[in-house]
Amino acid sequence: MNCQETHDLLTIAVYGRLTSSQKEELQAHLQTCPECAAKYEKTVPLMDLRSEVTDIDIPEPDLERSWDVISEKVLGHRSFLQRLFGTWAQIPTRKWALAACSLLAVFVLGYFAGRQVLGPGRSDLGLGGAGSAPAGEVVAVYSDTSFTEYADSLRPVLVSFLNRDGVETPEALRVLEQQLVSDMLVRTRLLKDLAYGSEDESLLELLQDMEFILMSLRNLDPTDRDSAQHLAGLIREKKVPLRLQEFRSARSTF
Amino acid sequence: MKQDMTVILAKEGHPDAFRKLYEEHGHRIYRIAFRHTQSQQDAEDIMQETFIKAFKRIDTFKFQLAQSFSAWLNTICLNCTIDHFRRQRSKRQDRQVSLTDLYNELHTHNPSPEKTIETEQAAEHIRESLALLPAKQRLIFEMRYHQQLPIKDIAHDLQCSQSTVKTQIFRAQRRLRKTLEPIWGKP
């Protein structure tokens, strides 16, 4: 080792840390070079002044506070659909309120559209009575405007329920969730009434299954995991999301 | 494989996956940042910046490049640290004090088992001198001579060539040595 390299090691000793082999090399040179030994003596007071940070010295970070900052900046930029259909637990309350209001509006519009087709003064939804529009025609009009939307609204509800994986939903969201399920139940019953006149057995069967599932969802105790698992098993067994998707994509009328 | 699934879900925009990745890597990234900055606040800021950048750019993370997610995150963390050093350096440009003066103060005092004010000041000066190095030089010098990382690993982490690392180390040493030369030159 020459003097130049020794100066480098002295610099590292002040501003960094020497390895044991570097220390040995330094000592070997200092024994043969009085000039470098003198420089070393002058450097000694500056060595080891940098605090040695060990793992124990590292203070614990506030990970939750940091997550708040990160999630606000990252998830705050996510699209409405991603937020709405991502997971139940992470979705902000106001988005659910907006989703519930949208579905309610669709239902109300659908309801009045249905009434208009059935004619003024009719309060029931029976399709076989004298003076009413032909059953197939009524159902076709309703399906063109609403069934696609119905399936699109319902499928994420089911998928989210199936993917919840034991995560507990906050109370505020649960209320909105229940409202959403109740709205979907009303729409399902309306469609089921209309489907009675269509002679489409597979659709009627799907809507009857949906009515049962939504009723169960509405009455489900959030702490009752066994019932939730049983219901999830039923949904999977009956392939409800898939059937909904098939109806949505393959059929234009029913 | 499990982690890959979490990354895939995060790429699809699943909020739970983001949270999971943060829980898995947050503490490690904080420790990396802390080792460089030695400040809790700065390390937390760097950690936040790292995850914000990573999550916003997660679409650019490619599995087929045989790149692990943690290595990718480390690189972002180091780049954020360099940015942090740059900001810090621009604030400190006018505050340089002579190490020689502090050394004289240290030398005239009798050694004491307790740290003297002069010792504290000299230690602070050493940290300041490091902070005044160009950001990348500082980071590389710290990785090489404080964390004792091999040149190959530093080049890999910073995604640059080994010769770049060596050049930066040489330049950093030259600058830092200049602060000691007046002390060595004293009779």
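Residues numbered from 1 in each chain as written. Chains lettered and ligands numbered in written order. Predicted model: local features only at pLDDT ≥ 70, side-chain atom pairs only at ≥ 80, totals over all residues. Heavy atoms only, no water.

Participant: Would you take a moment to explain the overall build of chain A for this structure?
Facilitator: Across its full length, chain A carries 11 helices and zero strands. Element order for chain A, N to C, with α for helix and β for strand: α-α-α-α-α-α-α-α-α-α-α. Counting every position in chain A, which comprises 254 residues, the buried fraction comes to 44%. As displayed, chain A offers around 13500 Å² of accessible surface, 53% of which is attributable to carbon and sulfur atoms. (Helix = DSSP H or I, 4+ residues; strand = E, 2+ residues; numbered from the N terminus. Buried < 20%, exposed > 50% of the residue type's maximum accessible area, 1.4 Å probe, protein only. Areas by Shrake-Rupley, 256 points an atom, 1.4 Å probe, with all protein chains shown as cover.)

Participant: In this structure, what is going on with helix α9 (residues 162–184) of chain B? I would like to understand it.
Facilitator: Helical geometry note: an α-helix holds 3.6 residues per turn, so side chains three or four residues apart project in the same direction. Residues and elements named next belong to chain B. Between its first and last C-alpha, α9 extends 31 Å over 23 residues, near the 33 Å set by a 1.5 Å rise per residue. Within α9, the axis deviates most sharply at lysine 178, by approximately 35°, and proline proline 182 lies no more than four positions further along. Inspection of α9 places Val165, Gln168, Ile169, Ala172, Gln173, Leu176, Arg177, Thr179, Leu180, Ile183 and Trp184 among the buried residues, and these make up the whole buried set. (Expected span 1.5 Å × (residues − 1). Bend = angle between axes of the 7 residues up to and from the residue.)

Participant: Before we go on, may I ask you to explain the packing of helix α1 (residues 3–15) of chain A against α9 of chain B in this structure?
Facilitator: At their nearest, the axes of α1 of chain A and α9 of chain B sit 9 Å apart, and the two run at 95° to each other. Considering the angle they form, α1 of chain A stands roughly perpendicular to α9 of chain B. Contacts between α1 of chain A and α9 of chain B involve Gln4, His7, Asp8, Leu10, Thr11, Ile12, Val14 and Tyr15 of chain A from the former and Gln173, Leu176, Arg177, Thr179, Leu180 and Trp184 of chain B from the latter. A per-class count over the contact of α1 of chain A with α9 of chain B returns seven nonpolar, five polar and two charged. (Axes fitted to C-alpha atoms, helices over the stretch in contact; angles between N-to-C directions. Parallel < 35°, antiparallel > 145°, perpendicular 65-115°, else oblique. Contact = heavy atoms within 4.5 Å. Nonpolar A, V, L, I, M, F, W, Y, C, P; charged D, E, K, R; others polar.)

Participant: What is the right way to look at the confidence of the model for chain A in this model?
Facilitator: Detailed reading of the predicted coordinates is not advisable wherever pLDDT falls low. Residues and elements named next belong to chain A. Of the residues in chain A, 70% reach a pLDDT of 70 or more, and the chain-wide mean stands at 73. Ranking the helices and strands of chain A by mean pLDDT puts helix α2 (residues 20–32) first, with 89, and helix α5 (residues 80–85) last, with 52. Low pLDDT (under 50) marks residues 121–142, which in the prediction has 33 contacts with non-local residues, meaning those over four places away or in another chain. (pLDDT = per-residue confidence, 0-100.)

Participant: Which parts of the structure should I look at to understand unusual backbone geometry?
Facilitator: The general pattern is negative phi for most residues beyond glycine and trans for most peptide bonds. All names here are of chain B. Although it is not a glycine, glutamine 38 adopts a positive phi angle of roughly 55°. With respect to the element layout, glutamine 38 can be found in the loop between α2 (15–37) and α3 (40–56). Relative accessible area serves as the criterion here: at 23%, glutamine 38 is assigned to the partly exposed category.

Participant: Help me out: how do you make sense of the confidence of the model for chain B in this one?
Facilitator: When pLDDT is averaged along chain B, the result is 80, and 78% of the positions lie at 70 or above. In the predicted assembly, ipTM is 0.70 and pTM is 0.49.

Participant: What exactly am I supposed to notice about the side chain of glutamine 48 of chain B here?
Facilitator: Mapping glutamine 48 of chain B onto the fold places it in helix α3. Glutamine 48 of chain B has contacts with Ser66, Val69 and Ile70 of chain A, leaving out every residue within four places of it along the chain.

Participant: So what exactly am I meant to see when it comes to the interface of chain A and chain B here?
Facilitator: Interface size is often expressed as the accessible area that is lost when the parts come together. Residue-level contacts link 44 residues of chain A with 50 residues of chain B. For the chain A and chain B pair, buried surface summed over both sides reaches about 4600 Å², with 62% attributable to carbon and sulfur atoms. Our enumeration of links across chain A and chain B arrives at three salt bridges. Linking glutamate 64 of chain A and arginine 19 of chain B is a salt bridge whose minimum nitrogen-to-oxygen distance equals 2.5 Å. Taken together, the connections running from chain A to chain B amount to 15 residue pairs in polar contact (both at pLDDT 80 or more). Of all the secondary structure elements, the ones that give two or more residues to the side of chain A that touches chain B are α1, α3 (34–43) and α4 (63–75) of chain A. Ranked by the residues each element gives to the side of chain A that touches chain B, the list is headed by α4 of chain A, at 10 residues. Of the residues that constitute the side of chain A that touches chain B, the class distribution is 18 nonpolar, 14 polar and 12 charged. (Buried area = accessible area lost by both parts, 1.4 Å probe. Salt bridge = Lys/Arg side-chain N within 4 Å of Asp/Glu carboxyl O. Polar contact = N/O pair within 3.5 Å; in protein donor to acceptor, adjacent residues only side chain to side chain.)

Participant: I tried to follow the packing of aromatic side chains on my own but got confused; where do I start?
Facilitator: The way to describe two aromatic rings as a pair is by their centre distance and the angle between their planes. All names here are of chain B. Per the stated rule, a full pass over the model turns up nine aromatic pairs over all chains. Each ring, one from phenylalanine 51 and one from phenylalanine 55, has its centre 5.6 Å from the other, and the planes form 55°; the classification is tilted. Remark: phenylalanine 55 and phenylalanine 51 occur in helix α3; sequence separation between them is four residues, near one turn of the helix. (Phe/Tyr/Trp six-rings, centres within 6.5 Å; stacked < 30°, edge-to-face > 60°.)

Participant: Sorry, what's going on with the pattern of salt bridges here?
Facilitator: One side chain can pair with another of opposite charge once the charged atoms of both are near each other. In this structure the tally under the stated criterion is 13 salt bridges over all chains. Aspartate 209 of chain A is paired through a salt bridge with lysine 238 of chain A; the nearest N and O atoms lie 3.8 Å apart. Linking aspartate 209 of chain A in helix α9 (residues 201–219) with lysine 238 of chain A in the loop between α10 (225–237) and α11 (240–250), this pair joins segments that are 29 residues apart in sequence. Taking the shortest distance from any N to any O, the salt bridge between glutamate 23 of chain B and arginine 19 of chain B comes out at 2.8 Å. Within this pair, glutamate 23 of chain B and its partner arginine 19 of chain B are both found in helix α2, separated by four residues, close to a single helical turn.

Participant: Just checking my understanding: could you explain a nonpolar patch on the surface for this structure?
Facilitator: Side chains of Leu104, Val108 and Phe112 of chain A sit close together on the surface and give an oily, nonpolar patch of about 250 Å² of accessible area. Counting through the fold element by element, valine 108 of chain A comes out in helix α6 (residues 93–118). (Patch = residues over 30% accessible without salt bridge, like charges linked within 9 Å, V, L, I, M, F, W, Y side chains within 5 Å.)

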